6 protein chains.
Amino acid sequence: MLLYLMTWIEVEEYLKRSPGIILPIGSTEQHGPTGLIGTDAICAEAIARGVGEATNAIVSPTISVGMALHHTGFPGTISLKPSTLIHVIQDYLVSLTRAGFTRFFFINGHGGNVATVKAAFSESYAYLWDLNIPNSDQVRCRLANWFTCKSVYQLAKQWYGDQEGSHATPSEVALTQYLYPEAIKNAPLAPNVASGHPIYGATDFRRRYPDGRMGSNPALAKPEHGQQLYEMAVKEMSQAYLEFLHTE
Amino acid sequence: MLLYLMTWIEVEEYLKRSPGIILPIGSTEQHGPTGLIGTDAICAEAIARGVGEATNAIVSPTISVGMALHHTGFPGTISLKPSTLIHVIQDYLVSLTRAGFTRFFFINGHGGNVATVKAAFSESYAYLWDLNIPNSDQVRCRLANWFTCKSVYQLAKQWYGDQEGSHATPSEVALTQYLYPEAIKNAPLAPNVASGHPIYGATDFRRRYPDGRMGSNPALAKPEHGQQLYEMAVKEMSQAYLEFLHTE
Amino acid sequence: MLLYLMTWIEVEEYLKRSPGIILPIGSTEQHGPTGLIGTDAICAEAIARGVGEATNAIVSPTISVGMALHHTGFPGTISLKPSTLIHVIQDYLVSLTRAGFTRFFFINGHGGNVATVKAAFSESYAYLWDLNIPNSDQVRCRLANWFTCKSVYQLAKQWYGDQEGSHATPSEVALTQYLYPEAIKNAPLAPNVASGHPIYGATDFRRRYPDGRMGSNPALAKPEHGQQLYEMAVKEMSQAYLEFLHTE
Amino acid sequence: MLLYLMTWIEVEEYLKRSPGIILPIGSTEQHGPTGLIGTDAICAEAIARGVGEATNAIVSPTISVGMALHHTGFPGTISLKPSTLIHVIQDYLVSLTRAGFTRFFFINGHGGNVATVKAAFSESYAYLWDLNIPNSDQVRCRLANWFTCKSVYQLAKQWYGDQEGSHATPSEVALTQYLYPEAIKNAPLAPNVASGHPIYGATDFRRRYPDGRMGSNPALAKPEHGQQLYEMAVKEMSQAYLEFLHTE
Amino acid sequence: MLLYLMTWIEVEEYLKRSPGIILPIGSTEQHGPTGLIGTDAICAEAIARGVGEATNAIVSPTISVGMALHHTGFPGTISLKPSTLIHVIQDYLVSLTRAGFTRFFFINGHGGNVATVKAAFSESYAYLWDLNIPNSDQVRCRLANWFTCKSVYQLAKQWYGDQEGSHATPSEVALTQYLYPEAIKNAPLAPNVASGHPIYGATDFRRRYPDGRMGSNPALAKPEHGQQLYEMAVKEMSQAYLEFLHTE
Amino acid sequence: MLLYLMTWIEVEEYLKRSPGIILPIGSTEQHGPTGLIGTDAICAEAIARGVGEATNAIVSPTISVGMALHHTGFPGTISLKPSTLIHVIQDYLVSLTRAGFTRFFFINGHGGNVATVKAAFSESYAYLWDLNIPNSDQVRCRLANWFTCKSVYQLAKQWYGDQEGSHATPSEVALTQYLYPEAIKNAPLAPNVASGHPIYGATDFRRRYPDGRMGSNPALAKPEHGQQLYEMAVKEMSQAYLEFLHTE
């Protein structure tokens, strides 16, 4: 169920049977010469919707701009500052907790969001405590990265080995190829891509990773890979959501 | 052109011929017993994409959660605080101005966003001045509400008269019916809907407008109305965008 | 009644009979070669005091510095950032709501304040809800611009036509002439004043409107016009305040 | 010269001969059963205007609401939070420094402002350094309390001795009596007023100082005392301002 | 070299040969019935000082209060909010970058800090970019947790197995026993300690982990273990610091 | 009792007999050619621990970085912005008030902290009121500077006269010499040190006070002076703490 296609009366009904909501969060950032700028949001949104269908849960609108400051040296990137994203997430949680939601399952498509989102959870638990909203002490948030699903991770390693890299990876590119076959891009990719993991500021990042990739070879991506990754991620995440919902 | 389906190299090319970008902004809020929670984001996004196609301009991801604090008494609503939304918009503008964009055309689907977005523009102009980014003094932002397009407004008045109301209006509901025919809702609508315009806090709002509508009769909406409204809005907005882009 | 000439005991008495307070808000900004920098604060304050006398209501000290960032390219302008003004207004409302006030009628002298003040109202309603102050859900704020009073607007159109312009207008200059006849200024005014409405950043503003006026001819202003405008504004605003106070 | 009665062109001229500006800052807070709520703003404003005349310096609009959180247990008090007041002062300084002012002489009427205003100066020096505004490293701020002028302090001690107290003092009440003889208040004053200096939160303050006074006997105040205090303060402050302006 | 025992002239000399500084960061939070509240700060500080000696590097004062909101249900815990800690770290980095430092090596003693500190790095890189401080684009920050040093981790697993747990662990307790043998505590420890990893808000945390431990058996800790862990951590961290300093 | 060497259970016990806590706050800033960068934190911490022992009170970890923006022109200085320090102190007070502490006695080693810390107290009282934590209206904070202890001040005047100066004073240097005899520094000190008290921004400060001292001759400092000052400060502060704790 997509929140944006529901009415408030349907949400009120839903809350009688479930306190859970799935929130996709991605990023709008460069993904190398062939990766889509929306890759992280596209992947998170598609998987979240799959999980929502599989588990009969509400899916919120996607937070499509996340924490990608280190990519802002490349045009097309849009990033929130961490302090802004913390307030965004807190505002979401305040609105939804007042309505009765208490289980927040964020499906994330971008490694760069992890630190800030976790910080936002901590900030929000404390703020909700301050507000004395009924049941606010029942609020629980979970951040689940689709790309670290065990099944996904293993398959990516098997298919791509070291060429998976850590940004603009063939696995995420494959997933977008499956979802948007009309937007598969071709561009020459230098064989010697800068690798290693250090990430500092935006100008340093562009010096260090001149075409935007980090050790990856997205030319290995195929739409049919994407389909498999999608299905595995949805399956694994659906189970994780249900456990989150039902475990004390 | 949708930013999220482009690569950073394509954006770099685009910037050689245009400094403009279209940014849809909506809201995630109750729209009465039959209106979709995503109405404002759905409308803004669809029209923005239409304008992007018509004018060959980049369209950013939709800001789907806006300033809807007064609707947070109804479940399903998600709102940013004005101060948060100001920071969100400022962060967007900093990222995009650093990349070379200087003309920002926001297509808005929600009256409640207007004040905050305008405040955000002012805050951002000053912040960009502070940063000394080259060309930051060329930055210009415009907020364009699809629902106040002259052609749209006139047609809505002609079709619905006073029953257009000011929230959960038949015109916006019609537009979502055209875009999502599978999500047309039916629910009994009391004939005597609370009307008037005063908006204060969230609990007051729910007392004052118990089913969420403000003077509107969305039962008058028809998908074919929505199509006409969509086409008119795209046409009028496209012209407005081009003028904005080319006028000194 | 001017708050600053009262004692706290008199305020305590007042609150037994009325929850209302009138808050003048202006700006400190350039008003062209002949307009006073304090024009917007002067007008708002004088009219607010007139309304206070006519309705036996308390008038707070004037917020004399508002949101005028776009005028900061001209010396003498002082502006708050929107985010600062939001906090200022919120702090006012928290102080006064704790004391028992719940009806806040802002009389505004500056178009540039409108967006930020409305955003501040939204932010404050939510914050007051968070605080759980008794009666905070009864709080209602209204922003009333003296220059958009129907009677004022019509008279200005009749007297000045297109030369009313949109900044440093003859009507506001006339009002200050009536109030401060000793400070009537003379300076040469170019006949071809830049007009149009676009407002972006401060450096752009000064380029676009080199002497600070926006399409206006303040040489048309006369003190006796000012008196009539003052009286009409006080009359119309007094009625608006009383309606605001007594309507559910 | 009052900034609000000047034009921007006059300010531009002024800046060719002086970088200085005088900024009155007061408070809007209870002053016991007979003291005016506006006492601190009234005194600061009147003395600042006197200094402005004596030294031919520009006087800005009064910051009439300051840091008075501890008085918010009494109706009529309006207070900014310290963090808000810091931003207000910083915004003033940014606006005025961009215009060319570099010597900021704050004339203060309220002890409770001192800490926050000094913190604001520190915050602002650093922020101006960050902005790289030309001459921002020449900016100097001074906070001058009229009530600690040596001549004022000595006279108050001589006239009132221990009954001067530390809030709602006869000296400040006398000054308002001189300035607003029409607003002299009478009310019974308990002879045993709570004294001592500790100030904590607002509810504690009202418990501790039930009628709002702190060890003072404002019944000793006389308008003619006020006149003398006014003249002495203006004289001493004018000299201090000129030294501030001219000393390296 | 401890920064607090140096003069500014010595720092100026140091900067001619090295741009690096080591910053210990811990937490002030409950560590079960026998763990010291300062455990995380004590460990980080001691190891940082050891690394400083081994590498001839400056060590800053310890950030002894970190992000421990989830522990605030237990008395003695002090926590910053994430948004506060972000500003603290940013302020440190601005001060030190202005002085010429560009390599910041944080030695961390608390898992709960990780997310916020990483978010702070991102926020700070962008802010330093905004400020245009010379060399600010050379700034690099690293967060190194002593407890995830490979050698430390392996030894802890070998000694304690599953009883290492994830909070109030025998390894960190051992380290404090080595450093403060006079403060070794004894208290009965229930054998069945709550385990699992979920961390939500503070009241939930105390319900879930009633004595503060998370799956750990600190009774296994011995001072001589602590000594070995200390030595290994210093050795491994020293190498990591030097690599960080010298690698492009 | 040092908080960092206690367990939460010991704190729980302590709170049954006392609501008081001592919080040392210093600064990390240049102290002239021979003064230690940590001088203010070292002094505050040592005296606070002495007071803690003498009064059987808990001593929190030292806030070792304070408000020293004006010293940031000298390498080695680290400063928080005032707005950051306000949030830090507020976070401390929220954590500790939730646990049951209500008497907060800050022992301060740095004049530059005074304004900000007092502002922080005001901000925090209001915030705690907002939160409705039980007993939050009992919270009382006190800021006590060791260097303005009457006994300390008199002795310093007697020993050093005018050469005490106002920064990098022989008295504070003596205290650090007593505490850290191994870190006594020697450097040539120009006899004509810049004096006077004006403090503006950081670049101005370094121009005005080129070696960092303000009118002081720290060459007069002796470790045995430091010991006497320490003992006097502990004695006087211990009495002040007990009075603070026990007075209504």
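Residues numbered from 1 in each chain as written. Chains lettered and ligands numbered in written order. Predicted model: local features only at pLDDT ≥ 70, side-chain atom pairs only at ≥ 80, totals over all residues. Heavy atoms only, no water.

Per an unreviewed UniProt entry, chain A carries the name Creatininase subfamily and comes from Coleofasciculus chthonoplastes PCC 7420. What UniProt records for chain A under Sequence similarities (unreviewed entry) is the sentence "Belongs to the creatininase superfamily." (UniProt positions renumbered as here; feature names shortened; annotations may be inferred.)

J.: Just to check I follow, could you spell out the environment of V234 of chain B for this structure?
T.: All names here are of chain B. Looking at where V234 falls in the secondary structure, it is placed in helix α8 (residues 223-246). A relative accessible area of 11% means that V234 is categorised as buried. C-alpha of V234 to C-alpha of V51: the two residues are 183 residues apart in sequence and 5.4 Å apart in space. In this structure, V234 is in contact with I47, G50 and V51, ignoring residues within four places of it in sequence. (Helix = DSSP H or I, 4+ residues; strand = E, 2+ residues; numbered from the N terminus. Buried < 20%, exposed > 50% of the residue type's maximum accessible area, 1.4 Å probe, protein only. Contact = heavy atoms within 4.5 Å.)

J.: Which parts of the structure should I look at to understand the relation of the copies chain B and chain A?
T.: Copy one and copy two of the chain differ by a rotation about an axis and a translation along that axis. Once chain B has been moved 0.0 Å along the axis and rotated by 180 degrees, it coincides with chain A to within an RMSD of 0.0 Å. A rotation of that kind, with that shift, is consistent with a two-fold axis. For chain B, the minimum C-alpha distance to the rotation axis belongs to T84 of chain B and amounts to 3.4 Å. Most of the interface of chain B is mirrored in chain A, where 100% of its interface residues again form contacts. (Least-squares fit on C-alpha atoms with pLDDT ≥ 70 in both.)

J.: It is not clear to me how the pattern of salt bridges should be interpreted in this structure. Could you clarify?
T.: Working definition: two side chains of opposite charge can pair if their charged atoms are close together. Under the defined criterion, the tally for this structure stands at 60 salt bridges over all chains. For E10 of chain C, the salt bridge identified is with K185 of chain D, shortest N-O distance 2.8 Å. Remark: K185 of chain D occurs in the loop between α6 (170-179) and α7 (202-208) and E10 of chain C occurs in helix α1 (residues 8-17); the pair is interchain, linking two chains. Look at E10 of chain C and you get partly exposed, because its relative accessible area is 30%. Between D204 of chain F and R208 of chain F there is a salt bridge; the shortest N-O distance is 2.9 Å. A residue pair is termed a helical-turn pair when its members lie 3 or 4 positions apart in one helix, as D204 of chain F and R208 of chain F do in helix α7 (residues 202-208) at four residues. An identical accessibility class is assigned to D204 of chain F and R208 of chain F; each is buried. Salt bridges linked by common partners bring D137 and R140 of chain A together with D204, R207 and R208 of chain E together as one network. (Salt bridge = Lys/Arg side-chain N within 4 Å of Asp/Glu carboxyl O.)

J.: Sorry, what's going on with the interface of chain B and chain A here?
T.: Where interface size is quoted, it is often the accessible area lost as the parts come together. Facing the 49 residues of chain B at the interface are 49 residues of chain A. For the pair chain B and chain A, the summed buried area comes to about 4000 Å², and 65% of that belongs to carbon and sulfur atoms. Our enumeration of links across chain B and chain A arrives at four salt bridges. Among the ionic pairs, E12 of chain A bridges to R206 of chain B, the shortest N-O distance being 3.4 Å. Taken together, the elements giving at least two residues each to the side of chain B that touches chain A come down to α1 (8-17) and α3 (82-99) of chain B. (Buried area = accessible area lost by both parts, 1.4 Å probe.)

J.: Help me understand the arrangement of the chains, please; the structure alone is not making it clear to me.
T.: Taking C-alpha atoms only, the smallest gap left between chain A and chain D, which are not in contact, amounts to 17 Å. No interface is formed between chain C and chain E, the nearest pair of C-alpha atoms being 17 Å apart.

J.: How should I be thinking about the sheet that holds strand β1 (residues 20-25) of chain C in this particular structure?
T.: Pairing between the strands of a sheet comes from backbone hydrogen bonds, and it takes one of two forms, parallel or antiparallel. Residue and element names in this part refer to chain C. Taken in spatial order, the four strands of this open sheet run β2-β1-β3-β4, and their pairing is parallel. Two strands bound the open sheet, and with one partner strand each, they are β2 (58-59) and β4 (140-145). Bridge count for β1 against β2 is two bridges, and the pairing is parallel. Looking across to β2, one finds that I22 is bridged to V59. Taken strand by strand, helix α2 (residues 39-55) contacts β1, β2 and β3 (103-108), and its axis lies near 160 degrees from that of β1. Packed onto the sheet, helix α3 (residues 82-99) meets β1, β3 and β4 and runs at close to 145 degrees relative to β3. (Pairing = 2+ DSSP bridges. Axes fitted to C-alpha atoms, helices over the stretch in contact; angles between N-to-C directions.)

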